[in-house]
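Spelled out, the chains give:
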Amino acid sequence: MGLRFFVWIFASLLATFAPKALRPALAKWLEQPVVSDRDLRAWIHAGVKAFRIRRPSPLPLSDAELGSIRTPFYLIMGKRSLLVHPERQLERVPRVIPGARAEIVAATGHGPQIDHPDLVNARMLSFLKDTDSLHPGATPDITAA
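Attention here is on the structure that accompanies the text. Fair warning: this is a prediction, and the values are worked out from it, not measured in the lab.

Brief notes about the pattern of salt bridges
At step 1: Inspection of every chain in the model, using the stated rule, returns 6 salt bridges.
At step 2: Between Arg-95 and Asp-63 there is a salt bridge, and its shortest N-O distance comes to 3.5 Å. One end of the pair, Arg-95, is in helix H5 (residues 86–96); the other, Asp-63, is in helix H4 (residues 63–67), and 32 residues separate them in sequence.
At step 3: Residue classification places Asp-63 among the partly exposed positions, given a relative accessible area of 34%.
At step 4: A salt bridge links Arg-95 to Glu-91, with the nearest nitrogen and oxygen atoms 2.5 Å apart. Pair noted here: Arg-95 and Glu-91 are both in helix H5, with a separation of 4 residues, about one helical turn.
At step 5: Overlapping salt bridges, with partners in common, bring together Asp-63, Glu-91, Arg-92 and Arg-95 in one network.

Considerations on a nonpolar patch on the surface
At step 1: On the surface, Phe-10, Leu-13, Leu-14 and Phe-17 cluster together into a nonpolar patch covering about 480 Å² of accessible area.
At step 2: Within the secondary structure, Leu-14 sits in helix H1 (residues 3–15).
At step 3: Residue class for Leu-14 comes out partly exposed when judged on its relative accessible area of 49%.

Thoughts on H1
At step 1: Under the 1.5 Å per step criterion, the end-to-end length of H1 is 18 Å for 13 residues, consistent within 8% with the ideal 18 Å.
At step 2: The complete set of buried residues in H1 reads Phe-5, Trp-8, Ser-12 and Ala-15. Buried positions in H1, seen along its axis, are confined to an arc of 90° and lie on one side of it. In H1, the exposed residues that point more than 90 degrees away from the buried face are Leu-3 and Phe-10.
At step 3: On its buried side, H1 packs onto helix H2 (23–30).

Thoughts on the environment of Arg-23
At step 1: Here Arg-23 lies in helix H2.
At step 2: A relative accessible area of 18% places Arg-23 in the buried class.
At step 3: Separated by 13 residues in the primary sequence, Arg-23 and Ser-36 have C-alpha atoms spaced 5.1 Å apart.
At step 4: For Arg-23, the residues in contact, after removing those within four places along its chain, are Ala-15, Thr-16, Phe-17, Ala-18, Val-35, Ser-36 and Arg-41.
At step 5: Polar side-chain contacts of Arg-23 include one of 2.9 Å to the backbone oxygen of Ala-18.

Section: the packing of aromatic side chains
At step 1: Counted under the stated rule, the structure contains 1 aromatic pair.
At step 2: An angle of 20° between the planes, with centres 4.8 Å apart, marks the rings of Tyr-74 and Phe-127 as stacked. You can see Tyr-74 sitting in strand E1 (residues 74–78) and its partner Phe-127 sitting in helix H7 (residues 117–134), a full 53 residues away along the chain.
At step 3: On the basis of relative accessible area, Tyr-74 is assigned to the buried category, the value being 13%.
At step 4: Just above the ring of Tyr-74 sits the side chain of Arg-101; from NZ or CZ to the centre is 5.5 Å.

What about the pairing of E1?
At step 1: Within E1, 4 of the 5 residues are buried, which leaves it mostly tucked inside the rest of the structure.
At step 2: Relative to strand E2 (residues 101–105), E1 runs parallel, the two sharing 5 bridges. Looking at the pairing, Tyr-74 lines up with Arg-101 of E2.
At step 3: Each parallel crossover has a hand, and for E1 linked through H5 to E2 it is right-handed.

Conventions adopted
- Residues numbered from 1 in each chain as written.
- Predicted model: local features only at pLDDT ≥ 70, side-chain atom pairs only at ≥ 80, totals over all residues.
- Heavy atoms only, no water.
- Salt bridge = Lys/Arg side-chain N within 4 Å of Asp/Glu carboxyl O.
- Helix = DSSP H or I, 4+ residues; strand = E, 2+ residues; numbered from the N terminus.
- Buried < 20%, exposed > 50% of the residue type's maximum accessible area, 1.4 Å probe, protein only.
- Patch = residues over 30% accessible without salt bridge, like charges linked within 9 Å, V, L, I, M, F, W, Y side chains within 5 Å.
- Areas by Shrake-Rupley, 256 points an atom, 1.4 Å probe, with all protein chains shown as cover.
- Expected span 1.5 Å × (residues − 1).
- Arc of directions from axis to C-beta.
- Contact = heavy atoms within 4.5 Å.
- Polar contact = N/O pair within 3.5 Å; in protein donor to acceptor, adjacent residues only side chain to side chain.
- Phe/Tyr/Trp six-rings, centres within 6.5 Å; stacked < 30°, edge-to-face > 60°.
- Lys NZ or Arg CZ within 6 Å of the ring centre and 35° of its normal.
- Pairing = 2+ DSSP bridges.
- Right-handed = clockwise from strand over helix to strand, strands pointing away.

Take a look at the structure:
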């Protein structure tokens, strides 16, 4: 994660303390709906309280590690994500993971599932339907733990 990401996170945090009337404009400018949505802030706060950072942080997966994935894999990214470099992943993921799909949602940052839930849900359901049609009758083995 680069400096841009940390500046965005810090600015977003500060924006949550802005006067309530300014928050919608700041949320739009930062592409951070958490700034103006109390329910999302509560959700994020709960996640932050429960999350424990492990050091050292994990390194990005190599092409070989990604290539070993054998389960259906679908990556949806926001075009303006400051975290995942969407254009690079759009090329990389389908190239190194057999059968993987990767897509970019244009009008969003890092959280397309938050900004465009209906779109992301529709695409996910389509992916699952396509996956099911490739493997009819397949059921996961939940007993092999």
